[in-house]
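Coordinate inspection notes
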Amino acid sequence: MSEHIITFNAGSSSIKFALFSVDAEGRLRRAAAGQVDGLGSNARLAAKAADGRVLHDGGLPAGPACGHGDALAAILALIQAAFPQLRFAAIGHRIVHGAARHSASTLIDDAVLASLHTLVPLAPLHLPNNIVGVEVTRRAFPGVPQVACFDTAFHRGGGFLGEAYALPRDYFEAGIRRYGFHGLSYEYVAGRLAELSPREAAGRVIVAHLGNGASMCALRGGRSIDTTMGFSALDGLPMGTRCGAIDPGVLLHLLQTHGYDAARLSDLLYKESGLKGLSGISHDLRALEASEDAHASEAITYFCARIRREAGALAASLGGIDALVFTGGIGENSARVRAAVLGGLDWLGIRFDPEAASEERGDRVISAPGSPASAWVIATDEEAMIARHALGLVRAAPPRVQAA
Ligand code: AMP
């Protein structure tokens, strides 16, 4: 009987999961994957086995208004029914924030769980959902090792200069720092680029993770040296509904002269801005690409201009660029966004090949042959990264007695 690892990646209203089998050599193979969307209002679970068999596509037993805990229980029940012989080697969780103290993935014990609770104020919209995931699966499988994989961990190591804001130094000590996010995605993409082109992966690489959340990362030799997100997942690029970089003076103005409070500001910055706010139509790039409305194309143009600007800034941090990689739902799928970004980056030595850029096929080079710096599309896989970390930690740990 082979062992399995299940991974959970909880967002504010969604949970992605993936089931991997582990063979005798420690190779991971995806056995099933799926996603719950619309938690709290219109929850739906879609899950497929690796052979394409639909395991579920519809509502959840706890109803459309169910929350993260019920959704996790439903996913676990579904997986156990579909794979009755299952034995978990580990359960891996994406944890959005690890602050300075969690700079690597870790096995979750009572102390780690207590530590996660203390970090909730740093990511109040996401961390509670991550913690619910850990608590539900710990209760359901008390003998199975649980692993926390932090989205911030990949960016640690920049020291004071890399992580400080220009505030009085006490604020840095108190944890007001640039943390960076999407680390599991960047780590996966860095590893995949190293498989595809070790020479470029060893050099200066910018990765653009463009999805509903969007950020960019400068990698030198596969390690993060700069990134566009900072203390929170608001900074940097505009996103589906998040504003990206904004003059903090705007926030002071709204607080002082427009009667905004923290809750109203939070809604504005996290839920009403970005592509949704700019277009007045949708947060979803596909909907904007399909729209004839001038505000839709203006929002896309704005988004691409900010990506080019951040590419320039990150290239300056790197002292040049050897490769630029697009990933995430938009980066992997939108030929229009890639063309608009790359069309303005020839000064960085990226000669764009529109034919390659618009072809729809797997991980690939999209710059012209002979381009001084290359451009790539690489599909990210945060779930695979979580599973690798989980497997690495349980294989390194002393054997545990599994509860009956
Ligand atoms: P993610 O958060 O990585 O799942 O990415 C979600 C974003 O990717 C949404 O804005 C989608 O509209 C966008 N997206 C997904 N597929 C496509 C596609 N084929 N063309 C354009 N945008 C897409």
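Remember, it's a predicted structure, so these values are computed and weren't measured experimentally.

Across its full length, the protein chain holds 16 helices and 14 strands. Taken over C-alpha atoms, the radius of gyration comes to 21 Å for the protein chain, in line with the 22 Å a tight globule of 404 residues would show. Its C-alpha atoms give the protein chain principal-axis dimensions of roughly 60 × 55 × 45 Å. Across the 404 residues that make up the protein chain, the buried fraction comes to 50%. Intrachain contacts of the protein chain at a sequence separation of at least 6 include 62% that bridge at least 24 residues. In the form shown here, the protein chain has an accessible surface area of approximately 17,900 Å², with 53% of it arising from carbon and sulfur atoms. Of note, the protein chain has its 37 positive side-chain charges centred 3 Å away from the centre of its 40 negative side-chain charges.

Further remarks concern the UniProt feature "binding site: substrate" (unreviewed entry) in the protein chain. The positions UniProt marks with the feature "binding site: substrate" (unreviewed entry) are Arg94. Turning to its location among the elements, Arg94 is positioned in strand S6 (residues 88–95). Exposure remark for Arg94: the relative accessible area of 16% places this residue in the buried category.

Here helix H2 (residues 110–118) crosses helix H3 (residues 127–140) at 155 degrees, and the two axes come no closer than 10 Å. Taken together, the axes of H2 and H3 are roughly antiparallel relative to one another. Every pair of crossing elements has a handedness; the one defined by H2 and H3 is left-handed. Here Asp110, Leu113, Leu116 and His117 of H2 lie close against H3, whose contacting residues are Leu127, Ile131, Val134, Glu135 and Arg138. Considered class by class, the residues forming the contact of H2 with H3 number five nonpolar, one polar and three charged.

So, on to the site of the ligand. Every residue lining the ligand is accounted for by Gly211, Asn212, Asp284, Leu285, Arg286, Glu289, Gly328, Gly329, Ile330, Asn333 and Ser334. One of the backbone nitrogen or oxygen atoms of Leu285 is found 3.0 Å away from an oxygen atom of the ligand. Protein burial of the ligand: of its 500 Å² of free accessible surface, 76% is covered by the chains. Elements supplying a minimum of two residues to the shell around the ligand: helix H11 (285–290) and helix H13 (328–333). Grouping the amino acids of the shell around the ligand by side-chain chemistry returns two nonpolar, six polar and three charged.

This part covers the side chain of Arg178. Along the chain, Arg178 falls in the loop between helix H5 (169–173) and helix H6 (183–196). Apart from residues no more than four positions distant in its own chain, Arg178 is found in contact with Arg156, Gly162, Glu163, Ala164, Tyr165, Asp226, Thr227, Met229, Gly230 and Phe231.

Before going further, it helps to spend a moment on helix H8 (residues 248–257). Where H8 begins, the capping side chain belongs to Asp247, and its oxygen is found 2.7 Å from the backbone nitrogen of Gly249. Taken from the residues just after H8, Gly259 is the one with a positive phi, measuring 70 degrees.

Before going further, it helps to spend a moment on the nonpolar core. Among the nonpolar cores identified, the biggest contains 54 residues, and Leu210 and Val337 are the most heavily contacted of them. Among the elements that take part in this core, helix H12 (residues 294–318) stands out by supplying ten residues, more than any other. Contacts of Val337, omitting those with residues within four sequence positions, involve Leu210, Leu285, Glu289, Ile300, Phe303, Cys304, Ile307 and Ile330.

Moving on to the sheet that holds strand S7 (residues 106–107). As summarised here, the arrangement of the eight strands in space is S5-S4-S3-S2-S1-S6-S8-S7, forming an open sheet in which the pairing is mixed. Each edge of the open sheet is held by one strand with a lone partner, namely strand S5 (54–58) and S7. Of the strand pairs in this sheet, S6 and strand S8 (residues 146–150) are connected by five bridges, and their pairing is parallel. Residue Gly92 lies in a different strand from S8, and its bridge partner there is Val147. Each of strand S1 (3–10), strand S2 (15–22), strand S3 (28–37), S6, S7 and S8 touches helix H16 (residues 382–396); the most contacted strand, S1, lies at about 130 degrees to it.

Inspection of the secondary structure assignment puts Gly344 in the loop between helix H14 (335–342) and helix H15 (354–358). Taking the relative accessible area as the measure of exposure, Gly344 reaches 27% and is therefore partly exposed. Between the C-alpha atoms of Gly344 and Cys304, which are 40 residues apart in sequence, the distance is 9.5 Å.

What follows concerns empty space enclosed by the protein. This structure, assessed with the given rule, holds two cavities of 30 Å³ or more. Each pocket or cavity is described by its volume, and for the largest cavity that value is around 50 Å³. What lines the largest cavity is Phe8, Asn9, Ala10, Leu72, His93, Arg94, Asn129, Asn130 and Gly133. Of all the secondary-structure elements, those providing two or more residues to the lining of the largest cavity are S1, S6 and H3. Class assignment of the residues belonging to the lining of the largest cavity gives a composition of three nonpolar, five polar and one charged. What the second largest cavity holds in volume is close to 40 Å³. In terms of lining residues, the second largest cavity is bounded by Gly236, Pro238, Cys243, Gly244, Ala245, Tyr302 and Arg306. A breakdown of the residues in the lining of the second largest cavity according to their chemical character gives four nonpolar, two polar and one charged.

Once that is clear, we can look at the packing of H12 against H14. Following both chains from N to C, one finds H12 and H14 inclined at 50 degrees, their axes separated by 9 Å at the closest point. As far as their axial angle goes, H14 and H12 are oblique. For the crossing formed where H12 meets H14, the hand is right-handed. Contact residues: Ser297, Ile300, Phe303, Cys304, Ile307 and Arg308 in H12; Arg336, Val337, Ala340 and Val341 in H14. A per-class count over the contact of H12 with H14 returns seven nonpolar, one polar and two charged.

Parameters at a glance
- Residues numbered from 1 in each chain as written.
- Predicted model: local features only at pLDDT ≥ 70, side-chain atom pairs only at ≥ 80, totals over all residues.
- Heavy atoms only, no water.
- Helix = DSSP H or I, 4+ residues; strand = E, 2+ residues; numbered from the N terminus.
- Rg over C-alpha atoms; globule rule 2.2 N^0.38 Å.
- Buried < 20%, exposed > 50% of the residue type's maximum accessible area, 1.4 Å probe, protein only.
- Contact = heavy atoms within 4.5 Å.
- Areas by Shrake-Rupley, 256 points an atom, 1.4 Å probe, with all protein chains shown as cover.
- Lys, Arg positive; Asp, Glu negative; His and termini not counted.
- Charge placed at Lys NZ, Arg CZ, Asp CG, Glu CD.
- UniProt positions renumbered as here; feature names shortened; annotations may be inferred.
- Axes fitted to C-alpha atoms, helices over the stretch in contact; angles between N-to-C directions.
- Parallel < 35°, antiparallel > 145°, perpendicular 65-115°, else oblique.
- Left-handed = near helix turned anticlockwise from the far one by under 90°.
- Nonpolar A, V, L, I, M, F, W, Y, C, P; charged D, E, K, R; others polar.
- Near = heavy atom within 4 Å.
- Polar contact = N/O pair within 3.5 Å; in protein donor to acceptor, adjacent residues only side chain to side chain.
- Core = buried A, V, L, I, M, F, W, Y, C linked by side-chain atoms within 4.5 Å.
- Pairing = 2+ DSSP bridges.
- 1 Å grid on protein atoms, 1.4 Å probe; cavity = no way out; pocket = protein on both sides within 12 Å on 5 of 7 lines; lining within 4 Å.
- Points joined across faces, edges and corners; volume = space filled by probe spheres on them.

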